[in-house]
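# Structure at a glance
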Amino acid sequence: PSATDTAATMTSPKLLDGIRVLDLSRVLAGPWSGQILADYGADVVKVERPGGGDDTRTWGPPWWGEPADRMSAYYLSANRGKRSIAIDIAEKEGADLVRQLAAEADIVLENYKVGQLKKYGLDYASLSALNPRLIYCSVTGYGQTGPMAGAAGYDFAIQATGGLMSVTGEKEGTPGSQPQKVGVAVADLFTGVYATTAILAALVERGRTGKGRHIDAALLDVQVAMLANQASNHLVGGIIPQRMGNAHLNVVPYQVFTTADGHIVLAVGNDGQFARFCELAGHAEVAADVRFTENSARLANRDALIPQIAQWMLTRTTQGWIDLLEPNAVPCAPILTLPGVFAHKQVVARGMQAGFDVGADRLMPTIPNPMRFDGERAMADQPPPKIDQQGDAIRAALAAGKGWPSR
């Protein structure tokens, strides 16, 4: 694979061929799940508001395409492989169209406020009565139950409420320090992935029972779950984790260091790696010091060790350290900007930049699904749709009594 691969030149397994997904969601968490399902071969029909469509269609610049049909880069990131139909679900005719599609769908994705779709007869109870095999996934900020079930949920707010910002950012007392959000919408993205795993599990169960499920996917629940070791440290040891910048709460040395020409990540994960690192750095005696021999001791004596390592790291360039440490199995890495990421030899070799040939010598860029099956990359073969791009064909098929139209 190369940076110029297009969907047309890639062989993608269709593991979910024949599975129909009705995607009523917008913005990121729900659409991200829908895109994963499309990459795996499902037929995903995206229902959008007439006129404006998915909110993210206007979240630019940057834009791709000509002014008349431009799409935001944000929208492009989460909607490949789908067909678009514009439907006003507040109108009886529109709600009826959605019901027709849901009657033959395997999966419904939605991220409306709790109870909102019930007004139009498009909630789980109503649609599962039409189609008992339906797997219906509701994505919300705070879940279907609890005192905040009706509140709107946004990734930034969830990172704050869910504790992630309390452990992200420079250490308290550092000039200008404050809690920080992560640079991408991780609560949304993790929820999209968790929702997809739940949907696939429900599909497997339906194969045994013939019955669908209602999946309740809450951003806050996911954010709390993904605190992982930080939450476990608190529940087990009573620790209230604090912001530590790029340092690690449980492992030393495991942080960013300044080099002669920039920065480097040093991620020493065990005592053997630490001993090798010290020897390669020309300071084997430090690894023999009882204050630093074991990780637990290094944790207790962090303030004595880190300044020493910081001085060592200034003696070589970032690449110099990588050339020294990487061949000797001491984990380290440069900190790349995005141009460097997409030029990185491993990223290029793995084919993590692709595109859709849309004619007129234009290539619509995309980052493919990271999963491979028997060596084949899973990625939908159609670009993100324009609003209502397939709407006429879908409406015509339903009006003719042909049911869910084929792709």
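In short, a report on the structure. Here the structure is a predicted model, which is why all the values come from computation and not from measurement.

### Observations concerning the packing of aromatic side chains
Evaluated as defined, the whole model comprises five aromatic pairs. Taken together, a centroid distance of 5.6 Å and an interplanar angle of 90° make the contact between Y40 and F373 edge-to-face. Within this pair, whereas Y40 is found in the loop between helix 1 (29-39) and strand 2 (43-48), its partner F373 is found in strand 14 (residues 372-373), the two being separated by 333 residues in sequence. By relative accessible area, F373 is classed as partly exposed at 27%. Both rings, one in Y124 and one in Y136, keep their centres 5.7 Å apart while their planes meet at 65°; by these two values the pair is edge-to-face. Of this pair, Y124 sits in helix 4 (residues 124-130) while Y136 sits in strand 7 (residues 135-140); the two residues are twelve residues apart in sequence, bridging distant segments of the chain. By relative accessible area, Y124 is classed as partly exposed at 22%. When its relative accessible area of 2% is taken as the criterion, Y136 is described as buried. Grouped by ring-pair contacts, the aromatic residues F277, W312 and W321 constitute a single cluster. One residue, R26, lies across the ring of Y112, its end atom 4.5 Å from the ring centre.

### Quick look at the sheet that holds strand 1 (residues 20-23)
Pairing in this open sheet of six strands is parallel, and the strands run 5-2-1-6-7-8 from one edge to the other. At either margin of the open sheet sits one strand with a lone partner, and together these are strand 5 (82-86) and strand 8 (214-218). Neighbouring strand axes in the sheet, compared pairwise and without regard to direction, differ in orientation by 20° on average. Taken together, the four bridges between strand 6 (residues 107-110) and strand 7 define a ladder with parallel strand orientation. From the neighbouring strand, V108 faces strand 7, where its bridge partner is Y136.

### Comments concerning the pattern of salt bridges
Evaluation of the coordinates by the stated rule reveals 20 salt bridges. Ionic pairing is found between R243 and E172, a salt bridge with its closest N-O pair at 2.8 Å. Placement of the pair is R243 in the loop between helix 8 (228-237) and strand 9 (254-258) and E172 in the loop between helix 5 (155-161) and helix 6 (186-209), with a sequence separation of 71 residues. Linking E205 and R213 is a salt bridge whose minimum nitrogen-to-oxygen distance equals 2.6 Å.

### So, the side chain of Q390
Looking at the secondary structure, you find Q390 in the loop between strand 15 (376-377) and helix 16 (391-399). A distance of 2.6 Å separates a polar atom in the side chain of Q390 from the backbone nitrogen of S84. Residues in contact with Q390, not counting those within four places in the same chain, are K82, R83, S84 and P385.

What counts and how
- Residues numbered from 1 in each chain as written.
- Predicted model: local features only at pLDDT ≥ 70, side-chain atom pairs only at ≥ 80, totals over all residues.
- Heavy atoms only, no water.
- Phe/Tyr/Trp six-rings, centres within 6.5 Å; stacked < 30°, edge-to-face > 60°.
- Helix = DSSP H or I, 4+ residues; strand = E, 2+ residues; numbered from the N terminus.
- Buried < 20%, exposed > 50% of the residue type's maximum accessible area, 1.4 Å probe, protein only.
- Lys NZ or Arg CZ within 6 Å of the ring centre and 35° of its normal.
- Pairing = 2+ DSSP bridges.
- Axes fitted to C-alpha atoms, helices over the stretch in contact; angles between N-to-C directions.
- Salt bridge = Lys/Arg side-chain N within 4 Å of Asp/Glu carboxyl O.
- Polar contact = N/O pair within 3.5 Å; in protein donor to acceptor, adjacent residues only side chain to side chain.
- Contact = heavy atoms within 4.5 Å.

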